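Overview (structure and organization)
Listed here are the chains, written in short residue letters.
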Amino acid sequence: MGLFDNFDDNITDLKENISFLSQKVISESKKIKKIAKVKYEILNEERKIDELYSKVGEHFYKSYKGRDESIDLDEIFKEIDRLKSRVSSLKMHLELEGGEESGLYVDKSFSNENNFSDDYKKEDESYKIITIKEDEDEFR
């Protein structure tokens, strides 16, 4: 009955291979999900930065036209610096996670083209510490 023994071995090998592949697909799916989530956060933070730049520009335009509105520019500049630091941190996290290899990528030319001068620097950088919390369903 060597034929059936060989058949059983082939079926066992096939089951092991399918099991391995399914675990690999699950693992890669979780990785892609994580990367996509970080990229979404990056886009959201960059959108917030653009809104703050627009707010500053509108303030200066109104000041130039004589319709002075008082807004706290220092707070806006702090928030811009904080958001830029967060974007930088998220991009580093993405590179460490292998986001470039996954087929998902951040268009670096977009963020480089839209960099504005960093004339405003704040001595205290303690507000730039960023943590990223993981989804609890990723460990299931």
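Located above this text is the structure these notes cover.
Let us look at the structure shown here. Since we're looking at a predicted model, the values are computed, not measured.

This part covers the side chain of His 59. With respect to the helices and strands, the residue His 59 is situated in helix 1 (residues 2-64). Residue class for His 59 comes out buried when judged on its relative accessible area of 11%. Sequence-distant contacts of His 59, defined by excluding residues within four places in its chain, comprise Asp 68, Glu 69, Ile 71 and Leu 73.

Residues Asp 5, Asp 8, Asp 9, Asp 13 and Glu 16 make up a contiguous surface patch of negative charge. Mapped onto the elements of the fold, Asp 9 is located in helix 1.

With that settled, the discussion passes to the pattern of salt bridges. With the rule as written, the count across this model stands at nine salt bridges. A salt bridge links Arg 86 to Glu 45; the shortest N-O distance between them is 3.9 Å. Here Glu 45 lies in helix 1 and Arg 86 lies in helix 2 (residues 73-97), a separation of 41 residues in the sequence. Take Arg 86: its relative accessible area is 14%, and that puts it in the buried class. Overall, Glu 45 belongs to the buried group, its relative accessible area being 7%. Where Arg 82 meets Glu 79, a salt bridge forms, and the shortest distance between an N and an O atom there is 2.8 Å. With a gap of three residues between them, Arg 82 and Glu 79 both fall in helix 2, about one helical turn apart.

What counts, and where the lines are drawn
Residue numbering note: each chain is counted from 1, following its sequence as written. In keeping with the model being predicted, local features are shown solely for residues with a pLDDT of at least 70 and side-chain atom pairs are shown and tallied solely at 80 or more, while totals for entire chains, interfaces and linings include all residues. The basis for every side-chain value is the complete set of heavy atoms in the structure, and neither hydrogens nor water enter the calculation. By the criteria applied, helices consist of DSSP H or I runs no shorter than four residues and strands consist of E runs no shorter than two, each listed in order from the N terminus. Three exposure classes are used, based on accessible area relative to the maximum for each residue type with a 1.4 Å probe and protein chains only: buried under 20%, partly exposed in between, and exposed over 50%. The criterion used for residue contact is that any of the two residues' heavy atoms lie within 4.5 Å. Distance thresholds for patches are 9 Å for like charges and 5 Å for nonpolar side chains (Val, Leu, Ile, Met, Phe, Trp, Tyr), applied to residues having over 30% relative accessible area and no salt bridge. Values of accessible area rely on a 1.4 Å probe in the Shrake-Rupley scheme; residue burial ignores everything except the protein chains shown. The rule for a salt bridge is simple: a side-chain nitrogen of Lys or Arg has to be within 4 Å of a carboxyl oxygen of Asp or Glu. By the counting rule applied here, Lys and Arg register as positive and Asp and Glu as negative, while His and the ends of each chain are not counted. Taken as the charge location is NZ of Lys, CZ of Arg, CG of Asp or CD of Glu.

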